[in-house]
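# Observations on the model geometry
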Amino acid sequence: MTDEKVFIQELLNPKTQNTAFQKLVSNYQKPLYNHIRNIVLNHDDAHDVLQNTFIKVFRYLNKFKGDSKLFSWVYRIATNEALTFLSQKAKLNGITSEALQNKTIENLEADAFFDGNEIQLKLQKAIVTLPEKQQLVFKMKYFEELKYEEIADILGTSVGALKASYHHAVKKIEAHVTSN
């Protein structure tokens with residue numbers, strides 16, 4: 001039996017669940033925060049989404065079938081939570097998701113947790129111009145250095161489609177950065 005299967009059994013067993021879940025949080029907290037932060041951009045929002053992600057993971061552990069890796073399942077939940085958060089935040093502010101992202105980019109410069117320079121800001125502004133799927137694929141591949149197979153599991157799509165999305169995203173970003 002693989003380590004992951006043993007760990008999943010520990011997560012599902014009421015006697016070992018709390019300890020196993022603490023281990024899951026410990027192992028996933030930092031990479032998940034970075035993943036979520038890449039999507040929502042704002043530090044405080046990323047923390048809120050991270051908390052919601054762990055709550056959902058805990059709540060739905062019993063529904064995890066093992067069809068995908070635990071990593072992919074947790075990241076899929078985090079991705080969906082981040083996208084839902086952005087959609088709800090835009091709706092609350094009465095603006096489109098694109099307008100919300102542009103506003104967030106403008107606020108990045110004042111964010112004490114953003115350690116990027118002018119080039120990073122330019123890159124973020126270029127990424128915002130991409131369709132949502134291309135943004136996700138680009139961020140997961142470029143910033144998080146995930147493999148196409150991992151991204152495919154998380155997003156539930158084919159590797160070929162991801163490679164095409166990434167290629168188009170890179171071309172659009174290059175065009176945006178060089179024209180501004």
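Here the residue numbers are simple positions, counted from 1 along each chain's written sequence. Whole-chain, interface and lining totals are the exception, using all residues; otherwise, since this is a predicted model, local features are given only for residues with pLDDT of at least 70 and side-chain atom pairs are given and counted only at 80 or more. Heavy atoms throughout the structure, all of them, feed into the side-chain values; hydrogens and water do not.

- Looking up the chain in an unreviewed UniProt entry gives the name RNA polymerase sigma70 factor, with the organism given as Flavobacterium hydatis.
- UniProt lists a comment for the chain under the heading Sequence similarities (unreviewed entry), and it reads "Belongs to the sigma-70 factor family. ECF subfamily." UniProt positions are given in the numbering used here, feature names are shortened, and annotations may be inferred rather than shown by experiment.

### What to know about helix α3 (residues 43-60)
- Helix and strand assignments follow DSSP, with helices taken as H or I runs no shorter than four residues and strands as E runs no shorter than two, numbered in order from the N terminus. To estimate how far a helix should extend, the number of its residues minus one is multiplied by 1.5 Å. Taking 1.5 Å per residue as the helical rise, α3 with its 18 residues ought to reach 26 Å, and the 26 Å between its terminal C-alpha atoms agrees with that figure.
- Any residue under 20% of the maximum accessible area for its type is buried, any over 50% is exposed, and the rest in between are partly exposed; the area is computed with a 1.4 Å probe on protein chains only. For α3, the complete set of buried residues consists of H43, D45, A46, V49, L50, T53, F54 and V57.
- Among the residues of α3, the N-terminal cap falls to N42, whose side-chain oxygen and the backbone nitrogen of D44 are separated by 2.9 Å. In protein, a polar contact means a hydrogen-donor-capable atom and an acceptor-capable atom, both N or O and within 3.5 Å, with residues adjacent in sequence counting only if both atoms are side-chain atoms; elsewhere, any N or O pair within 3.5 Å suffices.

### What about the UniProt feature "domain: RNA polymerase sigma factor 70 region 4 type" (unreviewed entry) in the chain?
- Feature annotation in UniProt places "domain: RNA polymerase sigma factor 70 region 4 type" (unreviewed entry) on residues 121-173, given in this structure's numbering.
- Secondary structure over residues 121-173 splits into 81% helix and 0% strand, and the C-alpha atoms at its two ends are 12 Å apart.

### Topic: the packing of aromatic side chains
- Whether two aromatic rings pair depends on their centres lying within 6.5 Å, for rings of Phe, Tyr and Trp, where Trp uses its six-membered ring; planes under 30 degrees apart make the pair stacked, over 60 edge-to-face, and the rest tilted. Throughout the structure, instances matching the rule amount to 9 aromatic pairs.
- With 4.9 Å between their ring centres and 15 degrees between their planes, F138 and Y142 make a pair best called stacked. Of this pair, F138 and Y142 both sit in helix α7 (residues 132-143), 4 residues apart, which is roughly one turn of the helix.
- Residue Y142 is classed as partly exposed on the basis of its relative accessible area, which comes to 42%.
- Arranged with centres 5.7 Å apart and planes meeting at 15 degrees, the rings of F138 and Y166 form a pair that is stacked.

### Some details on the UniProt feature "domain: RNA polymerase sigma-70 region" (unreviewed entry) in the chain
- Mapped onto the present numbering, the UniProt feature "domain: RNA polymerase sigma-70 region" (unreviewed entry) falls on residues 24-90.
- What you have in residues 24-90 is 84% helix and 0% strand, and the ends, taken at the C-alpha atoms, are 31 Å apart.

### Things to note about helix α8 (residues 148-155)
- Y148, I151, A152 and I154 are the residues of α8 that are buried. The arc that holds the buried residues of α8, viewed along the axis, is 165 degrees, so those residues lie on one side.
- Contact definition: two residues touch when any of their heavy atoms are within 4.5 Å. Residues of α8 that are buried make contact with α4 (70-92), α7 and α9 (159-179).
- G156 sits one or two positions beyond α8 and adopts a positive phi of about 65 degrees. Comment: arc refers to directions from the helix axis out to C-beta atoms.

### Some details on the domain arrangement of the chain
- Domain segmentation is taken from an automatic or database assignment of domains. Each assigned domain of the chain is listed with its residue range as follows: domain 1 (1-115) and domain 2 (116-179).
- By buried area we mean the combined loss of accessible area, with a 1.4 Å probe, across both parts when two parts are placed together. Interface of domain 1 and domain 2: buried area, both sides summed, is about 1700 Å²; carbon and sulfur atoms make up 64% of it.
- Counting across the interface, domain 1 meets domain 2 through 5 residue pairs in polar contact (both at pLDDT 80 or more).
- The dominant element in the side of domain 1 that touches domain 2, judged by the number of residues it contributes, is α4, at 6 residues.
- Under the scheme applied, nonpolar residues are Ala, Val, Leu, Ile, Met, Phe, Trp, Tyr, Cys and Pro; charged residues are Asp, Glu, Lys and Arg; polar residues are all the others, including Gly. Partitioned by chemical class, the residues of the side of domain 1 that touches domain 2 number 8 nonpolar, 6 polar and 4 charged.

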